[in-house]
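Structural overview
What follows is the residue order along each chain.
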Amino acid sequence: MTTHPMNPVRSEQGVALIIVLLLLAVMAGLTTGLTLNGQTEIAMAHNEQYYAGARAAAEAGMNRATEQILGNITDNLMVTKAVPVIGNGPFNLTDEYSYTFEILDDDDPVLYGGAALTGPGPGTQLEAMAEDGDPNVDGNMRMVVRATATGPRGTMVTIARILESVAIPDLPTTTTINPAILVNGDLSIAGNTKVIGTQGNVHANEDVTGSGGSYEVAGNLTASGDLIGDIHATGLTAGGMPPIPVPEIKVADYTGLATHKLTSTGAILVLSGGMWVPCFGKGATECPVGWSYSLATNTWSASGSMPTSGVNKSTYWVEGNVALNGTGKTAGFTQMSVLAEGNLTVQGNGKFKPGNESGIQFVTNGDFDLSGTVDADDSLDMDGQILVREQMRIAGNSEFQGRVMVEDRDHADNIYNAVTNPNGNRGGDPLEVNSLSGNMTVTYNGSLGGITVEIPGGPDTYTNTISGWIEQ
Amino acid sequence: MSMNLRNERGFTLAELMVATLITTAVLGGAVMLTSQVQNSFRRQIEDSAGEQEGRYALDWVSRLIRAAGNNPFGLPVNVGDTANCPAPGQTYDWVIINPLGNMTNDNIRLQTDANPPDGILGGPACDQANEDVTVSYDPMTSSITFLDNNLGGAAVVRTDAVIDGLLFVFKDSNRVPTANPANVVYVETQVTVRTRTINPITMLPETRLLTQEVRLRGRNF
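For clarity, every value in this text was computed on a predicted model and none was experimentally measured.

The rules behind these values
Residues numbered from 1 in each chain as written. Chains lettered and ligands numbered in written order. Predicted model: local features only at pLDDT ≥ 70, side-chain atom pairs only at ≥ 80, totals over all residues. Heavy atoms only, no water. Helix = DSSP H or I, 4+ residues; strand = E, 2+ residues; numbered from the N terminus. Buried < 20%, exposed > 50% of the residue type's maximum accessible area, 1.4 Å probe, protein only. Contact = heavy atoms within 4.5 Å. Areas by Shrake-Rupley, 256 points an atom, 1.4 Å probe, with all protein chains shown as cover. Expected span 1.5 Å × (residues − 1). Pairing = 2+ DSSP bridges. Disulfide = S-S within 2.5 Å. Buried area = accessible area lost by both parts, 1.4 Å probe. Salt bridge = Lys/Arg side-chain N within 4 Å of Asp/Glu carboxyl O. Polar contact = N/O pair within 3.5 Å; in protein donor to acceptor, adjacent residues only side chain to side chain. Phe/Tyr/Trp six-rings, centres within 6.5 Å; stacked < 30°, edge-to-face > 60°. Lys NZ or Arg CZ within 6 Å of the ring centre and 35° of its normal. Axes fitted to C-alpha atoms, helices over the stretch in contact; angles between N-to-C directions. Core = buried A, V, L, I, M, F, W, Y, C linked by side-chain atoms within 4.5 Å. Patch = residues over 30% accessible without salt bridge, like charges linked within 9 Å, V, L, I, M, F, W, Y side chains within 5 Å. Lys, Arg positive; Asp, Glu negative; His and termini not counted. Charge placed at Lys NZ, Arg CZ, Asp CG, Glu CD. pLDDT = per-residue confidence, 0-100.

1. Re the overall build of chain B
The helix and strand tally for chain B stands at two helices and eight strands. Scanning chain B from its N terminus toward the C terminus, one meets helices and strands in the order α-α-β-β-β-β-β-β-β-β. Classification of the 221 residues of chain B by burial places 42% in the buried group. Considering only contacts in chain B between residues 6 or more positions apart, those separated by 24 or more positions represent 50%. Element-wise, carbon and sulfur atoms account for 57% of the exposed surface of chain B, whose accessible area totals about 12200 Å².

Encoded structure:
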C-alpha cells in the first residue's frame, strides 16, 4: 500500500476561504448596485417632487398675481411693470419654494431668451403683433405676466399669461352753471340772507363759511374749497366742486355803456357826438344834478334824491370812489348804473334799475358795499349784474335782482397807476372779505345765462384682462 | 492506524442518497422561493416602470393640452381666415378631435400661439415649435407618438413600448362629453400601461389605467 505524502486536510482549508471571499465580493457588488440604483430612484423621485412643488408654487403665484391685476384699475402696468399692491416679490412659500413675478411688454426680448422678434416689415412678428420691438413702448396693449417659481436643487418652473390692459382716459367735461352769487375766493354767508329765484345758486371758488340756520339759498350752495360751519341749501351743498371761471372784471370793459363821466378832477362830462364834453350849462336834460365831489377822497357822492340826468337811463363812469346815500325816487326806480374805478358804496333807501340795455347795474375796480335798504329788484325788469374787482359786502335790508360776480383781487396788487395799472382801484381798501349778511335778498332767475365750466379729467383708469396659458 | 481507517471510511450509499435527497429538496425549495421572489420583484419593477412611463406621458400630454388655444391676438382676425402653417389653408381650431380620422379618439391635434405669442401660428417661417402638434397612439410600437406639424418630419415615439391604449375624452364647461371642438373646455386623457411581465395566474400582461383631466387654460372661456 502506497502512502500519500500530502496532507489533504490542510490543502482544502484555503478553498473555503476563497469561496467565502468570492461570495462576499458578489454580495458587496450587489449591495453597491442596489444602493446606487436606489439612490438614482430617490433622486428621480426628488426631482419629480421638486418639480411638482415648484409648479404648484408658480401656479399659486400666477393666481395671486391675476387676482391683484384684475382688481386694479389705477396703475399703468406698462409703466410700473409690477403686480399691483404686492409687487413682484420674491415671495417665500416655504424655506424651499418661492416665486417671483415679471410684467413685460410682449415684444421684450427677455421673453424669448434675448432674441429679438423679426420685423418690422410685412409678414414679420412685430407687424403681426403691432409692436415696435421696444420693450418700454407698448404698441398693442398686451403684456406678458410671468410667474417663476424656484425649488430645491435649482428647480425652476415658469408660467406665463397674456395681460391686456386698456387705458380709459378720464377726459375733461364741461358743464354749465348759472350762479346768482359767484365769488372767486372765500365767502361767508350769515344772518337772514336770502338768495332766491329760479337760479338762486351760490358758489365760491374757495371756501364757504355759513353761520346760523336762518339764511336761505334756493338753489345750490357749493364751493371749490370746503364748506364750513352751518351749511344748508334747498339744492346741492358740496365742497370740492370744479372752480367756475371768473373773468377779469374792470370798468374799462363797460365804459362804452356810459352816458356820463365823472372825472377825477371834479368835472361832469356828457357824451355828445362821440366826444366827452362838459355838461355844464347844457340844462337838466343832459347834466345830472345831485352829484358832489370830494377832491380829498376822490369820491363822487349823491345824497337825497338820486342823481338824474333828465333822461330815462344814465350810466355813470366815475374816475374814483362812489358813495350813493340817497333815497331814490319817491315813485318807481332810478334807472342809473355806476362804473366806478374806485370803491362803490350804496346805502340808504335808493331804488335802482340798470341804466343801460346791457343790464349792468354796478361795476367797480375796487370794493363793493351794498347796505341799508337799497332796492334794486324790480321784478318787472330783467336781471342786472353787479361786477366787483376786489371784495364785496351785501348786508342790511338791501335787495338786488340779478347776478353778483366778484373777482376777489387782492388790493395790494390792484392799486391804480395810470401807467402800470390803469385798471386798478383808485380808492382804498375798506373791505378784505366777501360776505352776505343781514336781511339782504338777491333774486336771480337765470336770464343772464350759464357759465361754462370745464371739469378737468382725472388720471386714466385701466381695464385689465388676463388670458392664455403658457408653460415654459 | 485504526483511527485513520475510521476517518477515511466513506458514507454508505444510503446515507448519500438520503443526504442528496434532502439537499435537493432544500435547494429546490430555496430556488423556487427565490425565483418567486425574484419574479415578484421583477413584476413590481416592471409595473412601476410602466406606471412611471404612463405618468410621464400624462404629464407632457397634459401640459400641451393645458396650453392649447393660447390666442392673445384673436386669430383668426377675420372669420374664414386661414393660416399658412404648416401648409396654406390650415384652419385655427386649437383642439382638433381625431385628426387622423381613425374612428377612435386616440389622437389629438393641439394648436397654440405661445412660442412666442406673436399673432402668427407657427411663426413667419413655420418653424415655431410646439404651436401645432399631434399626439397619437401607435399600436404597432405600443407607444405614444408626438408630431410637430410645423417642424414636419415623422411622428416621434415619446414613450417606451408599454402603452396599451390611449383615449381622449372631450368635455364642455359642464364636463359633459362633447364632439364639438369649439366647446371643449376639459380634456381627460386615459393612458393604459402594460407591464412586460406575464401574470402567472392569468397568463396575460398586467395593465393599469391612468387618467388625468386638464382644463384648457389657454382658452378664453
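2. Looking at helix H2 (residues 13-67) of chain B
Helix length check: H2(B), at 55 residues, gives a terminal C-alpha distance of 79 Å against a target of 81 Å (1.5 Å per residue), a fit within 8%. B:Gly69 sits one or two residues past H2(B) and shows a positive phi near 85°.

3. Overview of the pairing of strand S6 (residues 163-171) of chain B
For a regular strand, the rule is simple: side chains alternate between the two faces of the sheet. Residue and element names in this part refer to chain B. The element S6 is largely enclosed, with a buried count of seven among its nine residues. Across eight bridges, the pairing between S6 and strand S7 (residues 186-198) is antiparallel. Within S7, the residue paired with leucine 167 across the bridge is glutamine 190.

4. A few points about the state of the cysteines
Residue and element names in this part refer to chain B. Scanning all chains against the criterion turns up one disulfide over all chains. Through a disulfide, cysteine 85 is tied to cysteine 126; the S-S separation comes to 1.8 Å. Between cysteine 85 and cysteine 126 the disulfide shows an S-S torsion of about -90°. By sign, it is left-handed. With a gap of 41 residues between them, cysteine 85 in the loop between H2 and strand S1 (95-97) and cysteine 126 in the loop between strand S2 (107-111) and strand S3 (132-138) connect regions that are remote in the sequence. Here cysteine 85 matches cysteine 126 in class, with each residue buried.

5. Quick word on the interface of chain A and chain B
On the side of chain B, 19 residues touch chain A, which itself brings 24 residues to the contact. Between chain A and chain B the total buried area reaches about 1700 Å² when both faces are included, carbon and sulfur atoms providing 56% of it. Our count for the contact surface shared by chain A and chain B stands at three salt bridges. Residues A:Glu471 and B:Arg63 are paired through a salt bridge, measuring 3.9 Å at the closest nitrogen-oxygen approach. At the junction of chain A with chain B, the criterion picks out six residue pairs in polar contact (both at pLDDT 80 or more). Elements that contribute at least two residues to the side of chain A that touches chain B include exactly helix H1 (8-70), helix H3 (125-129), strand S4 (156-168) and strand S34 (461-471) of chain A.

6. Looking at unusual backbone geometry
Residue A:Gly89 is joined to A:Pro90 through a cis peptide bond whose omega torsion reads 15°. With respect to the secondary-structure elements, A:Pro90 resides in the loop between helix H2 (77-80) and strand S1 (91-92). B:Asn115 connects to B:Pro116 through a cis peptide bond whose omega is -5°. Secondary-structure assignment places B:Pro116 in the loop between S2 and S3. Positive phi outside glycine occurs at B:Arg175, with the angle close to 65°. Residue placement: B:Arg175 occurs in the loop between S6 and S7.

7. Concerning the packing of aromatic side chains
In this structure the tally under the stated criterion is 10 aromatic pairs over all chains. Consider the rings of A:Trp276 and A:Trp317, whose centres lie 6.0 Å apart with planes at 70°: the pair is edge-to-face. Pair noted here: A:Trp276 is in strand S17 (residues 275-278) and A:Trp317 is in strand S20 (residues 314-318), with a separation of 41 residues, a long-range link. For A:Trp317, a relative accessible area of 14% puts it in the buried group. Between A:Phe362 and A:Phe368, the ring centres sit 5.6 Å apart and the planes meet at 35°, which makes this aromatic pair tilted. On the basis of relative accessible area, A:Phe362 is assigned to the buried category, the value being 2%. Note on A:Phe368: relative accessible area 0%, which makes it buried. By way of ring pairs, the aromatic residues A:Trp291, A:Tyr293, A:Trp300 and A:Tyr316 are connected into one cluster. Stacked on the ring of A:Trp469, the Lys or Arg B:Arg217 has its end atom at 4.5 Å from the ring centre.

8. Topic: the sheet that holds S2(B)
Residue and element names in this part refer to chain B. A sheet is described by the order of its strands in space; here five strands give the open sequence S1-S2-S3-S4-S5, paired in antiparallel fashion. Lying at the two open borders of the sheet, with one neighbouring strand each, are S1 and strand S5 (156-157). Bridging between S1 and S2 involves three bridges; their strand directions are antiparallel. Counterpart to valine 95 in the pairing with S2 is leucine 110. Packed onto the sheet, H2 meets S2, S3 and strand S4 (143-148) and runs at close to 30° relative to S4.

9. Concerning the sheet that holds S1(A)
Residue and element names in this part refer to chain A. In spatial order, the strands read S1-S2-S3-S4-S34; together these five strands make up an open sheet with antiparallel pairing. At either margin of the open sheet sits one strand with a lone partner, and together these are S1 and S34. Where S1 and strand S2 (residues 98-105) come together, two bridges link them in antiparallel fashion. Bridge pairing in S2 places phenylalanine 91 opposite tyrosine 99.

10. Focus: the nonpolar core
One finds A:Ile181, A:Trp291, A:Leu324, A:Phe368 and A:Met392 to be the most contacted residues of the largest nonpolar core, which totals 47 residues. B:Val61, B:Ile97, B:Tyr137 and B:Phe168 belong to the second-largest nonpolar core, a separate cluster that totals 28 residues.

11. Here we look at the pattern of salt bridges
As enumerated under the stated definition, the model contains 24 salt bridges over all chains in all. In this structure, A:Glu59 engages A:Arg55 in a salt bridge whose closest nitrogen and oxygen atoms are separated by 2.7 Å. With a gap of four residues between them, A:Glu59 and A:Arg55 both fall in helix H1, about one helical turn apart. A salt bridge links A:Arg142 to A:Glu164, with the nearest nitrogen and oxygen atoms 3.9 Å apart. Here A:Arg142 is found in strand S3 (residues 142-150), whereas its partner A:Glu164 is found in strand S4, with 22 residues between them in sequence. In the salt-bridge network here, residues are joined through shared partners; they are A:Arg55, A:Glu59, A:Glu471, B:Asp59, B:Arg63, B:Arg66 and B:Arg217.

12. Digging into a negative patch on the surface
Residues and elements named next belong to chain A. On the surface, Asp410, Asp413, Asp429 and Glu432 cluster together into a negatively charged patch. In this fold, aspartate 413 is placed in the loop between strand S30 (399-406) and strand S31 (435-436). Note on aspartate 413: relative accessible area 62%, which makes it exposed.

13. Notes on the side chain of A:Glu131
Residue and element names in this part refer to chain A. By secondary structure assignment, the location of glutamate 131 is in the loop between H3 and S3. Here glutamate 131 sits buried without a salt bridge, and the closest side chain of opposite charge, arginine 142, lies 7.5 Å off (N-O distance). A distance of 3.1 Å separates a polar atom in the side chain of glutamate 131 from the backbone nitrogen of glycine 139. Excluding residues that lie within four positions of it along the chain, glutamate 131 makes contacts with Asp105, Asp106, Asp107, Leu126, Val137, Asp138, Gly139, Asn140 and Arg142.

14. A look at the confidence of the model for chain B
Mean pLDDT over chain B works out to 86, with 92% of the residues at or above the 70 mark. Quick note on the complex model: pTM equals 0.63, ipTM equals 0.73.

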